[in-house]
Amino acid sequence: MSRSGERPSLVPFFCVAALYYLASNFVHPVTPTLIVERGLDSSLFGVALAAMLTTNFLFAPLWGRLCAYLPTRRILWICCWGYAAGQVLFAAAHSGAAVIAGRMFAGAFTGGVFTALYNYTVNVSGPDRRAGALAVLMTLQNACSAGGYLVGGVLGLASVETAFGVQCAALAAAGALAAVLCADDTPWKPRPGRPLALRDADPFRALADARGLLTPLLWLLLGGILLVSVGHHAYEQCFNFYLKDQYGLTSVWNGGIKAGVAVVTIALNGTLCVRLQTRTDPARSVPAVLLANVAVNALALFCGVPAAFVALYVLYSGIYALALPLLQALVVSRAAPGDSNAVMGVYQATHSLGGIAGAAAAGLVYSLDPRLPFALSLLAWAAAVAVTRRALRRPAN
């Protein structure tokens, strides 16, 4: 079991986390360029992400369990180096199969990094510092992810390979620094009373075990969240590739746009999101926020002006970032007090499955018509509004 005592500073860990968040976004702006320059099928921009999200989903429970048996800093360096190795495979790919293989390999480790970052923060911060530490981690993720996009876009002007090379070096450095600078968090976390079993790593078992916790209202809410995730990933993946394929914009545009999205997101989450959570009825505010993105999707679907198309994407991304914490709070508030952690695990799995479906569908229909992924996103968001409204008309049990 854990013991009390003076806990180490989180500053070195936050430096490692910042480096990881920066590095993990270096190649996103150049991925469309890689696909176009190497003459690969346009569907890969979605299918490859879906492959990565699939292995992320399948391996996440294993990393979560391992964090209870091993020092979390060890999970961090293993997964950072594994992610870097997957990106080496991705950078060297000149065929669709090789791209998918590289993305799947990387996906097996990315879930481990995020799980380890969260667990280390919770374990080392302690009850008194936990809320503030998690807020710092979320702020770092938002700010450094945007910075990583911007840096990656500039690196992409030199070459796709330059962006990949810098990313792999930075990921390896983050893993090494985690091993050296981060504390061993073993004294501050419970130790399992039995050896790790293979069934503990089964993501579908965790979902099956949680079925008894879900009321009809929660099932409907999770259905709405699944649709939101499908719609978002269809829009997000199509947008990045669309800028390069249809408008011929460079990777700097992708990086700069993401930086703008980060500013809008931080502003909305710090103002409007807090107001909606504390001063409005979620039965009204949540469907209204989702409906706002239906309107933005409809405008984007028929917009042919590049500047307006980009502006709509920034607005869309801000509304999506506003919707997520509202949906999370809604799910927690409708769960029984003792079941909230398990239900949030189902929420995360549902969101991941929606991402897999949305990214894969967007990639597959893009070759038929570049606008079809936006139409798919519009339909998914509209269905999410209908399902969520129906859920919130039901009694809590």
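The coordinates are above.
Right, let's walk through the structure included here. (Residues numbered from 1 in each chain as written. Predicted model: local features only at pLDDT ≥ 70, side-chain atom pairs only at ≥ 80, totals over all residues. Heavy atoms only, no water.)

1. Quick word on the packing of helix H4 (residues 72-91) against helix H6 (residues 160-181)
Then step 1. Axis separation between H4 and H6 bottoms out at 7 Å; the angle between their running directions is 165 degrees. On the basis of the axis angle, H4 is roughly antiparallel to H6. In the packing of H4 onto H6, the handedness of the crossing is left-handed. Between H4, through Arg73, Leu76, Trp77, Cys80, Trp81, Tyr83, Ala84, Gln87, Val88, Phe90 and Ala91, and H6, the contact on the second element is made entirely by Phe164, Gln167, Cys168, Leu171, Ala172, Ala174, Gly175, Ala176, Ala178 and Ala179. (Axes fitted to C-alpha atoms, helices over the stretch in contact; angles between N-to-C directions. Helix = DSSP H or I, 4+ residues; strand = E, 2+ residues; numbered from the N terminus. Parallel < 35°, antiparallel > 145°, perpendicular 65-115°, else oblique. Left-handed = near helix turned anticlockwise from the far one by under 90°. Contact = heavy atoms within 4.5 Å.)

2. Digging into the pattern of salt bridges
Then step 1. With the rule as written, the count across this model stands at one salt bridge.
Then step 2. Residues Glu161 and Arg38 are paired through a salt bridge, measuring 2.9 Å at the closest nitrogen-oxygen approach. Pair noted here: Glu161 is in helix H6 and Arg38 is in the loop between helix H2 (31-37) and helix H3 (44-69), with a separation of 123 residues, a long-range link.
Then step 3. On the basis of relative accessible area, Arg38 is assigned to the buried category, the value being 18%. (Salt bridge = Lys/Arg side-chain N within 4 Å of Asp/Glu carboxyl O. Buried < 20%, exposed > 50% of the residue type's maximum accessible area, 1.4 Å probe, protein only.)

3. Describing H3
Then step 1. With 26 residues, H3 should cover 38 Å at 1.5 Å per step; its first-to-last C-alpha distance of 37 Å lies within 8% of that length.
Then step 2. The sharpest bend along H3 reaches about 40 degrees and sits at Phe59, with the proline Pro61 one to four residues further on. (Expected span 1.5 Å × (residues − 1). Bend = angle between axes of the 7 residues up to and from the residue.)

4. Section: the state of the cysteines
Then step 1. With the rule as written, the count across this model stands at zero disulfides.
Then step 2. Just so you know, Cys79 is unpaired, no disulfide at all, and the nearest cysteine sulfur is the one on Cys80, 7.4 Å from it.
Then step 3. No disulfide involves Cys182; its sulfur sits 9.5 Å from that of Cys15, the nearest cysteine.
Then step 4. Judged by its relative accessible area of 2%, Cys182 falls in the buried class. (Disulfide = S-S within 2.5 Å.)

5. Topic: the packing of aromatic side chains
Then step 1. Counted by the stated rule, this structure contains 23 aromatic pairs.
Then step 2. With a centroid separation of 5.5 Å and 80 degrees between ring planes, the pair formed by Tyr242 and Tyr247 is classed as edge-to-face. (Phe/Tyr/Trp six-rings, centres within 6.5 Å; stacked < 30°, edge-to-face > 60°.)

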